[in-house]
Amino acid sequence: MSFNYEQSFTIQGGNFTDAGVVSVFIKRTLQKMGIPSEILRRVAIATYESEINIISYARIGIIYIRVTPENIIINIDDEGPGIENIELAMRAGYSTADEKIREMGFGAGMGIPNIINCSDDFKLTSEVSKGTHLRILININTN
Amino acid sequence: MLGRNSISFKKRMNFVGVCLYNILLKSSRDRVTGIHFFQEMIVTLFDIIDILDAKVLVGRDQLNMEVRTAFSADLLSDVLAFAKAGSLLLTGLTNPQIVRTSSILDIAAIVLVRGKVAPDETLRLADELNIPILSTRYILFETSGRLYEHGIKGCVEKVGRDDYVSL
Ligand SMILES: Nc1ncnc2c1ncn2[C@@H]1O[C@H](COP(=O)(O)OP(=O)(O)OP(=O)(O)O)[C@@H](O)[C@H]1O
Ligand SMILES: [Mg+2]
């Protein structure tokens, strides 16, 4: 089976009401394409955690997804405060989430470690008071 | 209607199961085989409603669904990190994020604990995304324990490897 698809989505920071809408849409779209369920699950978790992070911490962000026959590439770019200590942000349990985020049930500092777990390749770069960039690669292994 | 038929059918099946269990126990010196057979019994949402004295908020048409594992948490961050597809989610949270998170993870159904009822927007979304929601007055500990007694297991036992730590 060969997959070819790409799409971009804009995520508005602070829009907690719609948190997850884009990721649920992406999951459905890839499911209809026949992406294997284990791969689908990893893509869905990675996009969802990223979407929640944009809404929680950034002003605005873009999720770009590209599906090829070999792999799935997800690029996430946001304008926002950026991350000062990336090493710390990647540790399980580290969080600067405020009350509003915690009320929703998030802010345990598990998001980025979870994205890393779901990725075959992962790159996080950030510039303080500019924004954050994530590149996630997930291989499609159809055998 | 369908519900009641289903339950009595299940009760009959359970009866057959218990008889078979007794036969197995008597016919074999190996008690473990019998006990193992007993533990493999199927648990559906219908049974869970009985076990937890629960109300159905969404998904009346899906109560025949079987479940084997569950995850309990009041933090969606942890649900996302550790819950497995096909599991029940036991939680005291009621916002629409419980439904979107469940949809992302292929959670089979949600059980709200401590008598919580979800707001309309959560119920609407659950209906749209086909995720049943039950509500029980038992606390999270009792809910988990009662289900465990009926053969539902945690979807993971421990997290991480030997050296795992979380800040
Ligand atoms: N896009 C972002 N912009 C700015 N800071 C971010 C961004 N994403 C993450 N961070 C910072 O990194 C920390 C860790 O993020 P991570 O997603 O791992 O956990 P969390 O969002 O705090 O909690 P969880 O994801 O478990 O609900 C955040 O608390 C925040 O300080
Ligand atoms: Mg996060």
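Conventions adopted
- Residues numbered from 1 in each chain as written.
- Chains lettered and ligands numbered in written order.
- Predicted model: local features only at pLDDT ≥ 70, side-chain atom pairs only at ≥ 80, totals over all residues.
- Heavy atoms only, no water.
- Helix = DSSP H or I, 4+ residues; strand = E, 2+ residues; numbered from the N terminus.
- Rg over C-alpha atoms; globule rule 2.2 N^0.38 Å.
- Buried < 20%, exposed > 50% of the residue type's maximum accessible area, 1.4 Å probe, protein only.
- Contact = heavy atoms within 4.5 Å.
- Areas by Shrake-Rupley, 256 points an atom, 1.4 Å probe, with all protein chains shown as cover.
- Lys, Arg positive; Asp, Glu negative; His and termini not counted.
- Charge placed at Lys NZ, Arg CZ, Asp CG, Glu CD.
- Salt bridge = Lys/Arg side-chain N within 4 Å of Asp/Glu carboxyl O.
- Near = heavy atom within 4 Å.
- Polar contact = N/O pair within 3.5 Å; in protein donor to acceptor, adjacent residues only side chain to side chain.
- Nonpolar A, V, L, I, M, F, W, Y, C, P; charged D, E, K, R; others polar.
- Pairing = 2+ DSSP bridges.
- Axes fitted to C-alpha atoms, helices over the stretch in contact; angles between N-to-C directions.

## A look at the overall build of chain A
What chain A contains, in helices and strands, is five helices and five strands. Traced from its N-terminal end to its C-terminal end, chain A shows the element sequence β-α-α-β-β-α-α-α-β-β. Radius of gyration (C-alpha) of chain A: 15 Å, near the 15 Å computed for a compact globule of 143 residues. If one aligns the C-alpha atoms of chain A with their principal axes, the spans along those axes are about 45 × 30 × 25 Å. Counting all 143 residues of chain A, 51% fall into the buried class. Excluding contacts between residues fewer than 6 apart, the proportion of contacts in chain A whose partners are at least 24 apart in sequence is 65%. With an accessible surface of roughly 6,900 Å², chain A has 46% of that area assigned to carbon and sulfur atoms. Here chain A contributes 13 positively and 17 negatively charged side chains, and the mean placements of these two sets differ by 4 Å.

## Section: the pattern of salt bridges
For the structure shown, the criterion picks out seven salt bridges over all chains. Between A:Lys27 and B:Asp106 there is a salt bridge, with the nearest N and O atoms lying 2.6 Å from each other. Pair noted here: A:Lys27 is in helix α1 (residues 21-33) and B:Asp106 is in the loop between α5 (97-105) and β4 (109-112), and the two residues belong to different chains. When its relative accessible area of 6% is taken as the criterion, A:Lys27 is described as buried. Where A:Asp121 meets A:Arg135, a salt bridge forms, and the shortest distance between an N and an O atom there is 3.4 Å. Of this pair, A:Asp121 sits in strand β4 (residues 121-127) while A:Arg135 sits in strand β5 (residues 131-139), and the two are 14 residues apart along the sequence.

## Observations concerning the site of ligand 1
Inspection of the region around ligand 1 gives 22 residues, with A:Ser95, A:Thr96, A:Gly107, A:Met110 and B:Ser77 positioned closest. Neighbouring residues of ligand 1 are distributed over chains A and B. Within the side chain of A:Asp78, one N or O atom sits 2.8 Å away from a nitrogen atom of ligand 1. A distance of 2.5 Å separates an oxygen atom of ligand 1 from a polar side-chain atom of A:Thr96. Protein contact buries 96% of the 590 Å² of open area that ligand 1 shows by itself. When contributions to the shell around ligand 1 are tallied by element, the ones reaching two or more residues are α2 (37-57) and α5 (111-118) of chain A. Among the residues forming the shell around ligand 1, the class breakdown is 11 nonpolar, nine polar and two charged.

## Looking at the sheet that holds strand β2 (residues 69-72) of chain B
Residue and element names in this part refer to chain B. Reading across the sheet, the six strands line up as β1-β5-β4-β3-β2-β6 and stay open at both edges, with mixed pairing between neighbours. Where the open sheet ends on each side, the last strands, each with one partner, are β1 (55-58) and β6 (153-154). Pairing of β4 with strand β5 (residues 133-135), which is carried by three bridges, proceeds in the parallel orientation. Directly across from Ile 110, in β5, lies its bridge partner Ile 133. Set on the sheet, helix α6 (residues 120-128) makes contact with β1 and β5; between it and β1 the angle comes to about 75°.

## Quick word on the sheet that holds strand β1 (residues 5-12) of chain A
All names here are of chain A. Here we have five strands laid out as an open sheet, ordered β1-β2-β3-β5-β4, and antiparallel in their pairing. Unpaired on one side and paired on the other, β1 and β4 mark the two borders of the sheet. When strand polarity is set aside, the average angle formed by the axes of neighbouring strands in this sheet is 10°. By the bridge criterion, nine bridges tie strand β3 (residues 71-79) to β5 in an arrangement that is antiparallel. Its bridge partner lying in β5, Ile 74 is registered against Ile 136. Seen against the sheet, α1 touches β1, β2 (60-67) and β3 and runs at an angle of roughly 170° to β1.

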